[in-house]
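Analysis of the macromolecular model
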Amino acid sequence: MNKKKCLGCGSVLQSDNASKDGFVKLSIYDKAEYCERCFKIMHYGEYSVLDKKIDADGIIRNINSDNISSVAFLVDALNINENTKKYINKFKNRKYILVTKKDVLPKSIKEKKLIEYIRNNVCDTENIMCISSVKNYNIDNFLKRIEKDNVRRLYIVGFTNSGKSTFINHILTSQLKKPVITTSSVPNTTASYIAIKLNSKLTIVDTPGFIDEKAIYNFVDYNKIIKYYPKKEIKVKTFQVKSGYSVVINDILRIENLSDKSNSLSFYMNDRLRYEKLNNKNSKLKYLNKMEIEVEEESDILINGLGFIRVTKPGKFEINIIDTKLVSVRKSMI
Ligand SMILES: Nc1nc2c(ncn2[C@@H]2O[C@H](COP(=O)(O)OP(=O)(O)OP(=O)(O)O)[C@@H](O)[C@H]2O)c(=O)[nH]1
Ligand SMILES: [Mg+2]
């Protein structure tokens, strides 16, 4: 029997187990196009966790064995880290790197510099572009590019929440087709492959996002995640932080300057979070996990899933955070 699949997440529809992916009530199975989870996300904005582990290695093996296909690896511009590099370089097919959500990046981040950073530090290729599905930025150029390269089958891959399904929906809308795929701001929305034939030449395949085990969504409630991610262009918050002073963000992070000199910290993350500058007498969030880091001049401290903090001078910091796995340091991207 041909198995019927959910249009929104790609799961095989089933009426046997309400807690497994693809569930629909038996009474509506015959006419259902979407599983219950997708229906609830689309119509009520309700989120539920997908009861399925994404087999990243299986997906990569599968796509690599299809050597006539190409891959578009979507990366969220605010969260480029060592894992991004590791995963991009696992793909052996012809690949394009699309830096997504350009609309939330502050204008001060120059596209050319970002692309150069990726080429030098993540993957050495000429095929890097910045896009925004929300603002319809550069997507036509990308489609022209793959047409020129004669791409017939394109897998859209990347970490969860990088905007893969939104990107495909946007392309569908621009071709006057119905945007059918479920998207959401919680992780693990797409559950399986969703192949969509765009025209006689090109098929695009949506895939489940990889889980970055060091990202913030592993450590906090999903209701909070929705609030953490910026929805509009970020207004960078910059603080001059004297020795012994800290910046505290919501109930996530406290960063204290341990050097004897003052330093400048610029936060490339949601400006709607609550930022407070405190001195030592205030012990807010000191109970969280503690770590110390030293940075060179012009470094970024990455808070995986939230964005990054640009530091101008060499310095030493104490960080209190919900999990120390979230933190890493890189040479400044911008
Ligand atoms: N500001 C902005 N937000 C975007 C853009 N593209 C996607 N998003 C948001 O990013 C979140 C994740 O989008 P999805 O398309 O569901 O991400 P995905 O990569 O398909 O995620 P998985 O299916 O879990 O792998 C949603 O809240 C989208 O609205 C964009 O261009 N700009
Ligand atoms: Mg998706």
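Our subject in this report is the structure included herewith. Quick caveat, the model's predicted, so the values are computed rather than measured.

About the thresholds
- Residues numbered from 1 in each chain as written.
- Chains lettered and ligands numbered in written order.
- Predicted model: local features only at pLDDT ≥ 70, side-chain atom pairs only at ≥ 80, totals over all residues.
- Heavy atoms only, no water.
- Buried < 20%, exposed > 50% of the residue type's maximum accessible area, 1.4 Å probe, protein only.
- Helix = DSSP H or I, 4+ residues; strand = E, 2+ residues; numbered from the N terminus.
- Contact = heavy atoms within 4.5 Å.
- Donors = N, O, S within 2.8 Å, 3.2 Å for Na, K, Ca; no water.
- Near = heavy atom within 4 Å.
- Polar contact = N/O pair within 3.5 Å; in protein donor to acceptor, adjacent residues only side chain to side chain.
- Areas by Shrake-Rupley, 256 points an atom, 1.4 Å probe, with all protein chains shown as cover.
- Nonpolar A, V, L, I, M, F, W, Y, C, P; charged D, E, K, R; others polar.
- 1 Å grid on protein atoms, 1.4 Å probe; cavity = no way out; pocket = protein on both sides within 12 Å on 5 of 7 lines; lining within 4 Å.
- Points joined across faces, edges and corners; volume = space filled by probe spheres on them.
- Pairing = 2+ DSSP bridges.
- Axes fitted to C-alpha atoms, helices over the stretch in contact; angles between N-to-C directions.

1. A word on helix α2 (residues 56-64)
Burial in α2 covers these residues: A56, G58, I59, I60 and I63. Against β1 (70-76), α3 (82-88) and β4 (153-158) lie the buried residues of α2.

2. Some words on the coordination of the magnesium ion (ligand 2)
Every protein donor of the magnesium ion (ligand 2) is listed here as S165 (OG) and T190 (OG1), and their distances to the metal cover 2.0 to 2.1 Å. You can see S165 sitting in helix α6 (residues 164-174) and its partner T190 sitting in the loop between α6 and β5 (194-197), a full 25 residues away along the chain. Here S165 and T190 have matching classes, each one buried.

3. Comments concerning the site of ligand 1
Near ligand 1 lie 22 residues; those nearest to it are D103, T160, K164, T166 and T190. T166 has a polar side-chain atom sitting 2.5 Å from an oxygen atom of ligand 1. In the environment of ligand 1, an oxygen atom lies 3.1 Å from a nitrogen or oxygen atom belonging to the backbone of N188. Burial of ligand 1 by the protein chains amounts to 89% of its free accessible area of 660 Å². The residue inventory of the shell around ligand 1, partitioned by class, reads 4 nonpolar, 15 polar and 3 charged.

4. Some words on α6
The buried count for α6 comes to 8 of 11 residues, which makes it a mostly enclosed element. By the burial criterion, the buried members of α6 are K164, S165, F167, I168, N169, H170, I171 and L172. As for α6, its buried residues are in contact with β1, β2 (94-100), α5 (139-148), β4, β5 and β6 (203-206). L176 occupies a position one or two residues after α6 and carries a positive phi of about 60°.

5. Some words on the layout of surface pockets
Quantified by volume, the largest pocket comes out at close to 940 Å³. Along its surface, the largest pocket is lined by 47 residues, and K101, N161, S162, G163 and Y229 are the ones closest to its centre. Secondary structure elements with two or more residues in the lining of the largest pocket: β1, α6 and α7 (222-228). Ranked by residue count, the leading element in the lining of the largest pocket is β1, at 4 residues. Of the residues belonging to the lining of the largest pocket, the class tally is 18 nonpolar, 23 polar and 6 charged. Contributing to the lining of the second largest pocket are 19 residues, with N81, E82, N83, L302 and S328 lying nearest its centre. Elements with a contribution of two residues or more to the lining of the second largest pocket: α3, α4 (111-121) and β16 (327-331). Looking at the lining of the second largest pocket, the element that brings in the most residues is β16, giving 5 residues. Classifying every residue of the lining of the second largest pocket by side-chain character gives 7 nonpolar, 5 polar and 7 charged.

6. A word on the sheet that holds β2
Pairing is mixed across the open sheet formed by 6 strands, whose spatial order is β3-β2-β1-β4-β6-β5. Two strands lie at the open edges of the sheet, namely β3 (128-130) and β5, each paired on one side alone. Each neighbouring strand pair of the sheet contributes to a mean axis angle of 25°, computed without reference to strand direction. Pairing between β4 and β6: 4 bridges, direction parallel. Across the sheet, residue L154 finds its bridge partner in β6, namely I204. Contacts from α4 reach β2 and β3, with the element oriented near 145° to β3. Of the strands in this sheet, β1, β2, β4, β5 and β6 are in contact with α6, which crosses β6 at around 150°.

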